[in-house]
Amino acid sequence: MVQARWRVPGLAAINVFALLLLASWLWPPARLLWDRFDASVFHQLNAPLASNSAWAHVWAVCSMRPVDLGFGLIMLVFLIRGNWIFGAAQVRQALYAFLAVLLLLLLIRVGLMVELVKALHWQRASPSLTVDGAVRLTDLFPDWSRDWHMKDASGRSFPGDHASILLMWAMFLSPFAPGWRRWLVWCLAFVFMLPRLISGAHWLSDILVGGLFLALIAIGWGLYTPYAARACLLMERLGTPVLQRLGRLPGLRQISLLAGTE
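Residues numbered from 1 in each chain as written. Predicted model: local features only at pLDDT ≥ 70, side-chain atom pairs only at ≥ 80, totals over all residues. Heavy atoms only, no water.

Colleague: Can you lay out the pattern of salt bridges for me, pointing to particular residues and giving the numbers?
Modeller: Counted under the stated rule, the structure contains 10 salt bridges. If you follow the salt bridges from partner to partner, you end up with D38, R124 and D206 in one network. (Salt bridge = Lys/Arg side-chain N within 4 Å of Asp/Glu carboxyl O.)

Below is the structure:
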């Protein structure tokens, strides 16, 4: 599934596209368009929270940290359920490859992007903290916010970390997801990103520029180089003894993740 070789044309194309995307946000004339688009989208999504109670309740729940965990479990199911997107024999390698690319994304974010954003003064606060009249879910539901830690603001909103993982997940699955399942993957990624946009925790360009930039760089250097294949071999070597023991437990032998570990 993953290839232990350099695919230079694809790697170059992905990096060029990612850099052009970032450049479109940094170039002043284009940045004016991005800023207008950001403001318009935020107003359209956030303003109804003040007048529509059902809308506010739905997105208050979706902005809670436990719901994020639920979204993460759904993403995991798409990776490890055999014969859904990946064949039963491919599930373990798919999971290992995804984890390897996810680790690379986090390293790029923490080791490179944080310092770059700081040094070049790209950082900014979220719209919920900067736009006059922004509706805060934490103000509408203070008890829920205290008990469930709702995310509706950030002093450092660029890039969208949450969105970068969702976009990377969707891009990782897309080549293997047949027909309507590919559309389902992208629809879920879009829905899972909406709470941050509606609550004002991120600008749209935090996601479409910052998050997508990180996801593209991670996918490119993870899957278009030998990195993921070698990481899979290492995880297979380290993980097989554990999975073999789990496979001996009653009822677990049929799980696709444990197939072929005997």
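Colleague: Can you explain the packing of helix 1 (residues 8-26) against helix 12 (residues 204-223)? Please cite residues and give values.
Modeller: Contact geometry for helix 1 and helix 12: axes closest at 9 Å, N-to-C directions at 160 degrees. Accordingly, the angle class assigned to the pair helix 1 and helix 12 is roughly antiparallel. Considering the relative orientation of helix 1 and helix 12, their crossing is left-handed. Contact residues: helix 1 offers L11, I14, N15, F17, A18, L19, L21, L22 and W25, while helix 12 offers S205, L208, V209, L212, F213, L216, I217, I219, G220 and W221. A breakdown of the residues in the contact of helix 1 with helix 12 according to their chemical character gives 16 nonpolar, three polar and no charged. (Axes fitted to C-alpha atoms, helices over the stretch in contact; angles between N-to-C directions. Helix = DSSP H or I, 4+ residues; strand = E, 2+ residues; numbered from the N terminus. Parallel < 35°, antiparallel > 145°, perpendicular 65-115°, else oblique. Left-handed = near helix turned anticlockwise from the far one by under 90°. Contact = heavy atoms within 4.5 Å. Nonpolar A, V, L, I, M, F, W, Y, C, P; charged D, E, K, R; others polar.)

Colleague: Could you give an account of helix 5 (residues 65-80), naming the residues involved and the relevant values?
Modeller: For helix 5, with 16 residues, the first-to-last C-alpha span of 23 Å sits near the 22 Å given by 1.5 Å per residue. For helix 5, the complete set of buried residues consists of V67, D68, F71, M75, F78 and L79. Along the axis of helix 5, the buried residues cluster in a sector spanning 140 degrees; they form a single face. Facing away from the buried side of helix 5, by more than 90 degrees, are the exposed residues L69 and L73. (Expected span 1.5 Å × (residues − 1). Buried < 20%, exposed > 50% of the residue type's maximum accessible area, 1.4 Å probe, protein only. Arc of directions from axis to C-beta.)

Colleague: Outline the environment of I85, listing residues and values.
Modeller: One can find I85 in the loop between helix 5 and helix 6 (91-119). We classify I85 as buried; its relative accessible area is 8%. Once the C-alpha coordinates of I85 and P178 are considered, the two residues, 93 residues apart in sequence, prove to be 7.2 Å apart. Here I85 is in contact with F78, L173, F176, A177 and V185, once residues within four sequence places are set aside.

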